[in-house]
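# An overview of the molecular structure
Here is how the chains run, residue by residue.
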Amino acid sequence: MFEELKPHIAELRKRLGISLATLIVLFFVCFNYWEPLLGWMIQPLKDVLPSTSDIIFTKVQEPLFTALKVSFFAAFIVSLPIIFWQLWLFVAPGLYDHEKKMILPFVFFATAMFLMGAAFCYFVVIPFGFAFLVNFGGKLFTALPSIGEYVGFFTKLLFGFGLAFELPVITFFLAKLGLVTDKTLIGYFRYAIVIIFAVSALLTPPDVLTQFLMAGPLILLYGFSILIAKAVNPHKEEDEEEGEESEEKEDSE
């Protein structure tokens, strides 16, 4: 059994190696621009901070580690097309020839949906969430957010939204492979709602508004994924019904 897995492990190592090498090269490129990148990241926070507040650091090494975090996250975003490309090449040997040709649509839409989720987070969720958090208790406390904690929280939010917006892309290719149907997704809709709100509570600031700002689009994306699965596998349900009818005929005979 181990001998059978060896080619797959070697292929996985190759794809991970290319992705990691791309990430490292782009990390050093992005590190040269960490200051404007950080300025872009902290702008939503600066927009809601009162004039008496400022962004600080509390540890000697915090500015350096913050620059490294910013550079790594930016490198990851820029590396997304290569990472998705390597992911597709890893699973491609198990696909049919006509399915292997879908590499470019997969790379394009997977990257686009991740960026769309990150953009929605940056322009919609973060301003509302940070405004609530900064203003809550503002009469009693002075806001002095730590830059290291802020960047960690910011990147976690953007990554979470970007990953969540991959749902239609994942559904499309699973449906294409015949692993899911619209009927399956409809059957698990109740469980999906619970999971969506649980994930939203973990990834967003602790207020109801921002949780709904994440859960709402995710529910819509789940509904859109049902339509995608139905469009990709329109004959799946008909085949099942025909199979049931043929079985009934055999039993009657």
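Placed above this text is the structure.
Owing to the predicted nature of the structure, the values given are computational and were not obtained by experimental measurement.

### Considerations on the nonpolar core
Grouped together as the largest cluster of nonpolar side chains are 51 residues, with contacts concentrated most on Phe106 and Tyr150. Counting residues per element, the ones that place at least two in this core are helix H1 (2–31), helix H2 (34–48), helix H3 (62–91), helix H5 (103–135), helix H6 (147–164), helix H7 (167–176), helix H9 (189–203) and helix H10 (208–232). Here this core takes 13 residues from H5, the largest share from any one element. Here Phe106 is in contact with Phe84, Leu87, Trp88, Val169 and Phe173, once residues within four sequence places are set aside. If you look at the next biggest cluster of nonpolar residues, it comprises seven residues, including Ala175, Val180, Ala192 and Ala229.

### Things to note about the packing of H5 against H7
It is the contact of H5 with H7, at a shortest axis distance of 8 Å, that shows an interaxial angle of 150°. With respect to H7, the element H5 is oriented roughly antiparallel. Contacts between H5 and H7 involve Phe106, Phe109, Ala110 and Met113 from the former and Pro168, Val169 and Phe173 from the latter. Here the contact of H5 with H7 is built from residues that sort into seven nonpolar, no polar and no charged.

### A look at the environment of Phe28
Checked against the element boundaries, Phe28 lands in helix H1. Sequence separation of Phe28 and Leu68 is 40 residues, and the distance between their C-alpha atoms is 9.6 Å.

### A look at the packing of aromatic side chains
Applying the stated rule across the entire model yields 23 aromatic pairs. Residues Phe120 and Phe165 carry aromatic rings whose centres are separated by 6.0 Å and whose planes lie at 35° to one another, so their mutual orientation is tilted. Pair noted here: Phe120 is in helix H5 and Phe165 is in the loop between H6 and H7, with a separation of 45 residues, a long-range link. Grouped by ring-pair contacts, the aromatic residues Trp40, Tyr122, Phe123, Phe130, Tyr150, Phe153 and Phe154 constitute a single cluster.

### Observations regarding the packing of H2 against H5
Closest axis-to-axis distance for the H2/H5 pair is 8 Å, and the angle between their directions is 45°. The orientation of H2 with respect to H5, classified from their angle, is oblique. The handedness of the crossing between H2 and H5 comes out as right-handed. Taken together, the residues of H5 that come into contact with H2 (itself represented by Trp40, Gln43, Pro44, Leu45 and Val48) are Tyr122, Ile126, Pro127, Phe130, Ala131, Val134 and Asn135. Residues belonging to the contact of H2 with H5 are distributed by class as follows: 10 nonpolar, two polar and no charged.

### Examining H9
Working note: α-helix, 3.6 residues per turn, so residues spaced by three or four point in the same direction. Between the first and last C-alpha of H9 there are 21 Å, a value that for 15 residues agrees with the 21 Å anticipated at 1.5 Å per step. Along H9, the positions that sit buried rather than exposed are Ala192, Ile196, Ser200 and Leu203. Relative to the axis of H9, the buried residues are bounded by an arc of 75° and lie together on one face. Every exposed residue of H9 that faces more than 90 degrees away from the buried side is listed here: Arg190, Val194, Ile195 and Leu202. Against H6 and H10 lie the buried residues of H9.

About the criteria used
Residues numbered from 1 in each chain as written. Predicted model: local features only at pLDDT ≥ 70, side-chain atom pairs only at ≥ 80, totals over all residues. Heavy atoms only, no water. Core = buried A, V, L, I, M, F, W, Y, C linked by side-chain atoms within 4.5 Å. Buried < 20%, exposed > 50% of the residue type's maximum accessible area, 1.4 Å probe, protein only. Helix = DSSP H or I, 4+ residues; strand = E, 2+ residues; numbered from the N terminus. Contact = heavy atoms within 4.5 Å. Axes fitted to C-alpha atoms, helices over the stretch in contact; angles between N-to-C directions. Parallel < 35°, antiparallel > 145°, perpendicular 65-115°, else oblique. Nonpolar A, V, L, I, M, F, W, Y, C, P; charged D, E, K, R; others polar. Phe/Tyr/Trp six-rings, centres within 6.5 Å; stacked < 30°, edge-to-face > 60°. Left-handed = near helix turned anticlockwise from the far one by under 90°. Expected span 1.5 Å × (residues − 1). Arc of directions from axis to C-beta.

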